[in-house]
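# Commentary on secondary and tertiary structure
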Amino acid sequence: GLLTQTRRHTYIAALLGIKHVVLAVNKMDLVDYSREVFEQIEMDYRGLAASLGIKRVTAIPLSGLKGDNVVSRASSTPWYHGPALMEFLDMVELGEGEASELAFRMPVQWVNRPHLDFRGVAGTVSSGVVRPGDRVTIEPSGGGTRVMRIVTRDGDLDYAVPLQAVTLTLADEVVILDVTATLETRRA
């Protein structure tokens, strides 16, 4: 069944805005790979997820101990027709889904100033899309400026999306006191 830890982690995922979850139902070997047990756990979890606004749940029966449905599909669950856990994780789309539809946010990890002619703020985009010319706000100070360039080791980009590590050069030399700052755009 659903353990307290599973419920707790689901509440945390919902608070973080996670809308897609993989429910890995482990220890299926302890219940003789019972389809009924799996389906009951899946149904209970889907109810919890729906009540918290989690839109998509992919449930996978597995046995970590025996490796069933972890890397490849197992004959122990002939009633299960979905992917193995690793197969699913390899094919799931990341980066340009819902996180790119949100306002741009990038926690600042480092102010990069290798010489007097270059000053950039480095970080990993956590949500949204940013392009040169976009107006950004520096939080918590509230100062604002425009993005001039999106710099990477391989050259400048036309835009950056979630999970990309980039350096942004800004139109103004804004003060960023520490790495708790975040660059963001506000959606109208």
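Everything that follows concerns the structure shown earlier in this document.
Summary of the structure given here. (Residues numbered from 1 in each chain as written. Predicted model: local features only at pLDDT ≥ 70, side-chain atom pairs only at ≥ 80, totals over all residues. Heavy atoms only, no water.)

## Details of the packing of aromatic side chains
Any pair of aromatic rings gets described here by the distance separating the centres and the angle formed by the planes. Scanning the entire structure with this criterion turns up one aromatic pair. Ring centres 5.4 Å apart and planes at 40° place the aromatic pair Phe38 and Trp79 in the tilted group. With Phe38 in helix 2 (residues 35-51) and Trp79 in the loop between strand 2 (56-61) and helix 3 (85-91), the pair connects residues that are 41 residues apart, well separated along the chain. (Phe/Tyr/Trp six-rings, centres within 6.5 Å; stacked < 30°, edge-to-face > 60°. Helix = DSSP H or I, 4+ residues; strand = E, 2+ residues; numbered from the N terminus.)

## Here we look at the side chain of Asn69
Its location among the elements puts Asn69 in the loop between strand 2 and helix 3. At 2.9 Å, the side chain of Asn69 forms a polar contact with the side chain of Thr77. Once you skip the residues sitting within four places of it in the chain, Asn69 turns out to touch Ile60, Pro61, Leu62, Ala74, Thr77, Tyr80, Ala84 and Leu85. (Polar contact = N/O pair within 3.5 Å; in protein donor to acceptor, adjacent residues only side chain to side chain. Contact = heavy atoms within 4.5 Å.)

## Considering the layout of surface pockets
Its volume calculated, the second largest pocket comes out at about 580 Å³. Taken together, 23 residues make up the lining of the second largest pocket; nearest its centre are Thr6, Leu23, Ala24, Val25 and Asn26. Those elements giving two or more residues to the lining of the second largest pocket turn out to be helix 1 (4-15), strand 1 (20-25) and helix 2. Counting residues per element, the lining of the second largest pocket draws most heavily on strand 1, at six residues. Each residue belonging to the lining of the second largest pocket can be placed in one class, and the counts come to 15 nonpolar, seven polar and one charged. (1 Å grid on protein atoms, 1.4 Å probe; cavity = no way out; pocket = protein on both sides within 12 Å on 5 of 7 lines; lining within 4 Å. Points joined across faces, edges and corners; volume = space filled by probe spheres on them. Nonpolar A, V, L, I, M, F, W, Y, C, P; charged D, E, K, R; others polar.)

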